[in-house]
Amino acid sequence: MMIRNILASLSIAVLAIGNPHAYPISMDIGTFSIDDYSGNGGGIGNLGFMVGAAQNFFWAANAILPGYSLLAAPGTGSASPTFALDARNTQVTMSAITNTSSGYGNREYCDFLFYGGHGLNSSFYLGAGAGYGQVLPANIPLGTGYNRWLLTNSCSMFNGGTPAIVWQPAFKGIKAMLGFKSFAFDNNLSWELFNEFWVNWTYREQSLLNSFFDAQANYGYKHLYPGKGLEPGCLSAEVPPMRIDYCREAFKYVNHDYTAATANTGYYYSKVIGSPQY
Amino acid sequence: MNKAALFSILAVFASPLFAGIPEKPAKALAAAAVDTAKASLAQKAASAAGSSGIEVVPATAAAPVAKDTAKPAPKVSAKDSAAARNKAVKDSVNARRKFVRDSIAVRAKAIKDSADARNKFVRDSTLARRKAIRDSSAARNRFVRDSIATVQKAKQDSLAAARKAAHEAALARAKAVRDSLALAKKTKDSLAAALKAAKADSTKAAMALAAAVKRANDSVVAARKAAHADSLKAAASRPRIDSVSVKRYRIMNRPLNKDQMKFFQAQFGMKDAAKPESTGVNWICRDKKGGVLTYEAGYSDLGYANETVPMLSEKEYLPDSLIRTKTDVLLKGLLKGKADQYVFSNYEITLVQKKEGEGKAAKVYPPVPAYYCGRYVRKLDERLVLGDAFQVRVGYGEGGAPQFFSFRDPALAESGPMKAPTKERILDSLGRWTKSRTRPRRIYYPYHPDSLRVRDIKPIKAFDSYVVAQEKATGTQPGAAYLMPAVTVLAEVTVARSARKLSQPQPVEPVLLHFNFPCRPESGLCWPDGKQAMQSAPPTASAPAKPSAPGKPSAPTPK
């Protein structure tokens, strides 16, 4: 443990010295969000704030990233995000979410993916209707194109087994996946939540996992305090021994290229906030 | 011989003694002495001749003296004169020889005495020096021997003292460990006993409360028919306090100045700070050690993070009480003088799970703690401020190094008092609600996607609180966020078992939930009383798509 910590610290130091301001080469954001499950064949209750959360996820990034990139690397403007995919409700079909085309408007074109909807024990639940259903990790190879990060705003995506084992089939180049082991809850504070996430990852130079965990501790937990709780998690792709993993990577240390991660899972991080329900 | 003649002779023979005197005065003196001696001799001879009739003619100045002398010298015979002169010469020679011999003897004796004295001095000096050398050598040897003995003794004493000190320290350490273990065990036992007792007491208290309520209700029902009017009259005249006047506060952004930022920079040991402005946050200070301190005026949120702090080591996987002990210490340093305004609420643990290999060969290790974080809530006018607007979260990694800090402390302005219910009134009301025949029977548990029903709901305890509520502008107040006084009730909710196939497992154990009185949906759960379900305002179909402001409040619905 200690050796690993030292190596991790050294890696941070090496990255900080050798590659001070890398940033992702682009930030094309794609979202899948479902509120109206009845339109997708029902099978589960409707939600209220998932489409709004997806919009806020992009618009928070759009509010934060350009200013940050100008501040840290004046004149580049490379980090201005684009909203390359915005699939809502009935548009979130099995074929749309499993499509591996990397053309514009498809899932694999996007660097950062957002999913807002129901989750069922390490799977996406799109509805009971034909063309929807349950999407298992083996059905959604992430990263064959440009997918590098995935945030799932849904219940139990890391529940039902060891996350690094269960999600291994989906890791085909993606760097890190954020989600929950516990139940997560519909949240009308998604603007504050995702604004804090992007601020944490950029200006505050927090790691990806702490950016997500702390935003959830402050805003995802708001309606649940103090009786309930959350358990967010971050699953990283495998990294070489001397490299810091993708969950512990701040935005400015992200490689400035499109290189895919190793097609295998690595460390899994989680945080217990309050009294989560599983 | 008269004195002058003796002096002249001494002067002649003493002349060699004046070897060191310059030659010219000595010779003149000697010549003068000879002249005087001659004159004296001549005078003596003349005297003798006069008395004997012999004329004495000085050898050198006989003629002129004779010529110039008015009185002629008596005449002596030449034979007597020659004899006298010979005798005088002879005497003189003898005297001179004697004198020389004596002088030589004296001189030899003096020389001998001097040599003897010198030899004696040299011999004595040598002996004395040898003795001194012997004494010095002996003294030096003695000193060296004494020094060596002293050093050896000091060393032995020091070693003995060190051995003794080490032994005592080992004993003390062992005793401290034993005491610590005993204390920890005692604390653990007492905590377990206290928890058990508290649980038993709370359950007992709840049961007793329910029984008391039942008895009270029964007695009331029984008495109602008999003395309904009297009962109402007694109730009307009973001096129960149903509400109190409590301050409310308007929440405003808290400005932060450079000195305050410097204080926190110093607390985190930050150097080489910079202060860039940005659209995302208002202040950012970084240091070379990896720490970043930010302040967002819009959220009155001071944040610190340092991703280079290593994860906890195995020996730091501490029990909960020690987590608080650690974060309490950090908090006191960070909130100098204000730490007592905060109450520990709960803690968070960041876990890390290591995985090696791929596929079936993959090896996954158990999750272990990486960082601990304590959450503290604000206490204002003896009321707990619920929500996340007023809170402190402080986290630490290896060695207790601060890894995370979030401090939210907006400014408050008193905004006039308002009526707030008392705990007694709420508990009394809930007691009656439990036995009411008209209360709602179909209550849905809000934290499950399959709309499970609530089988039972029991109030456990109540406490005074402040909740954050968004108030509209009126003629007397501006539209803003306010801290509103409330009573929060902790209740135990039991979910009914469902025979349906569920998308998520249902909670088996009773769940603790908080309900706020009066009902403010944006602030938390409302008690299900027939007008309001056990949740905040129902989720709306349209979500807030604009990033500028949060949407309408809603109950948290599981996804």
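Everything numeric here is computed off the predicted structure, so don't read it as measured data.

1. Notes on the overall build of chain A
Argument step 1. Of the regular secondary structure elements, chain A holds 6 helices and 11 strands.
Argument step 2. With 278 residues in all, chain A has 65% of them scored as buried.
Argument step 3. A fraction of 77% describes how many contacts in chain A between residues 6 or more apart in sequence connect residues 24 or more apart.

2. A few points about the overall build of chain B
Argument step 1. Scanning chain B from N- to C-terminus turns up 7 helices and 15 strands.
Argument step 2. Within chain B, the fraction of its 559 residues that count as buried is 25%.
Argument step 3. Once local pairs closer than 6 in sequence are excluded, the contacts in chain B between residues at least 24 apart make up 59%.

3. Details of the sheet that holds strand β6 (residues 134-135) of chain A
Residues and elements named next belong to chain A.
Argument step 1. Strand order in the open sheet formed by 3 strands is β4-β5-β6, with antiparallel pairing between adjacent strands. Sheet topology places β4 (118-119) and β6 at the edges, where each strand pairs with a single neighbour.
Argument step 2. Here 2 bridges tie strand β5 (residues 124-125) to β6, and the two strands are oriented antiparallel to one another. Following the sheet pairing, tyrosine 125 is matched in β6 by glutamine 134.

4. Thoughts on the nonpolar core
Argument step 1. Ranked by size, the top nonpolar core spans 157 residues in total, and within it Ala60, Ala61, Ala176, Trp198 and Cys234 of chain A together with Leu483 of chain B carry the most contacts.
Argument step 2. No other element matches the 13 residues that helix α2 (residues 50-72) of chain A contributes to this core.

5. What about the environment of tyrosine 249 of chain B?
Argument step 1. Relative to the assigned elements, tyrosine 249 of chain B resides in strand β1 (residues 243-252).
Argument step 2. C-alpha separation for the pair tyrosine 249 of chain B and glutamate 414 of chain B, spaced 165 residues apart in sequence, amounts to 4.6 Å.

6. Quick look at the packing of helix α5 (residues 190-201) of chain A against helix α6 (residues 208-220) of chain A
All names here are of chain A.
Argument step 1. Where α5 contacts α6, the two axes come as close as 8 Å, and the packing angle between them is 150 degrees. Accordingly, the angle class assigned to the pair α5 and α6 is roughly antiparallel. When you trace α5 past α6, the crossing you get is right-handed. Of α6, the residues touching α5 (which contributes Glu192, Leu193, Glu196, Phe197, Asn200 and Trp201) are Leu208, Asn210, Ser211, Phe212, Asp214, Ala215, Asn218, Tyr219 and Gly220.

7. A look at the confidence of the model for chain B
Residues and elements named next belong to chain B.
Argument step 1. Confidence in the prediction for chain B averages 76 pLDDT; 74% of positions are at 70 or higher.
Argument step 2. Throughout residues 537-556 the model reports pLDDT below 50, and contacts reaching past four residues in sequence, or to other chains, amount to 62 contacts.
Argument step 3. For this predicted complex, the interface score ipTM comes out at 0.88, while the overall pTM is 0.65.

8. Description of unusual backbone geometry
Argument step 1. The peptide bond linking phenylalanine 517 of chain B to proline 518 of chain B adopts the cis configuration, its omega dihedral lying at -5 degrees.
Argument step 2. Looking at the secondary structure, you find proline 518 of chain B in the segment after β15 (511-517).
Argument step 3. With a phi angle near 55 degrees, glutamate 205 of chain A is a residue other than glycine that sits in the positive phi range.
Argument step 4. Here glutamate 205 of chain A falls in the buried class, since 24 other C-beta atoms lie within 10 Å of it.

9. Quick word on the pairing of strand β2 (residues 283-286) of chain B
Residues and elements named next belong to chain B.
Argument step 1. Across 4 bridges, β2 lies against strand β3 (residues 291-296) in antiparallel orientation. Across the sheet, residue isoleucine 284 finds its bridge partner in β3, namely threonine 294.
Argument step 2. With antiparallel pairing between neighbouring strands as the criterion, β2 and β3 make up a hairpin whose turn holds 4 residues, including glycine 290 at a positive phi of roughly 105 degrees.

10. Let's talk about the confidence of the model for chain A
Argument step 1. Scored by pLDDT, chain A comes out at a mean of 86, with 87% of its residues at no less than 70.
Argument step 2. Confidence drops under pLDDT 50 across residues 6-19 of chain A; counting only partners more than four residues distant or on other chains, this segment forms 15 contacts.

11. A closer look at the pairing of strand β11 (residues 402-408) of chain B
Argument step 1. For β11 of chain B, a buried count of 7 out of 7 residues is recorded, marking the element as mostly surrounded by other parts of the structure.
Argument step 2. As consecutive antiparallel partners, strand β10 (residues 391-396) of chain B and β11 of chain B are separated by 5 residues, and within that stretch glycine 399 of chain B has a phi angle of approximately 70 degrees, a positive value.

12. Notes on the environment of valine 454 of chain B
Argument step 1. Along the polypeptide, valine 454 of chain B turns up in strand β13 (residues 454-471).
Argument step 2. Taking the C-alpha atoms as reference, valine 454 of chain B lies 9.1 Å from arginine 497 of chain B; in sequence the two are 43 residues apart.

Criteria and cut-off values
Residues numbered from 1 in each chain as written. Chains lettered and ligands numbered in written order. Predicted model: local features only at pLDDT ≥ 70, side-chain atom pairs only at ≥ 80, totals over all residues. Helix = DSSP H or I, 4+ residues; strand = E, 2+ residues; numbered from the N terminus. Buried ≥ 20, exposed ≤ 12 C-beta atoms within 10 Å, placed from the backbone. Contact = placed C-beta atoms within 7 Å. Pairing = 2+ DSSP bridges. Core = buried A, V, L, I, M, F, W, Y, C linked by C-beta atoms within 7 Å. Axes fitted to C-alpha atoms, helices over the stretch in contact; angles between N-to-C directions. Parallel < 35°, antiparallel > 145°, perpendicular 65-115°, else oblique. Left-handed = near helix turned anticlockwise from the far one by under 90°. pLDDT = per-residue confidence, 0-100.

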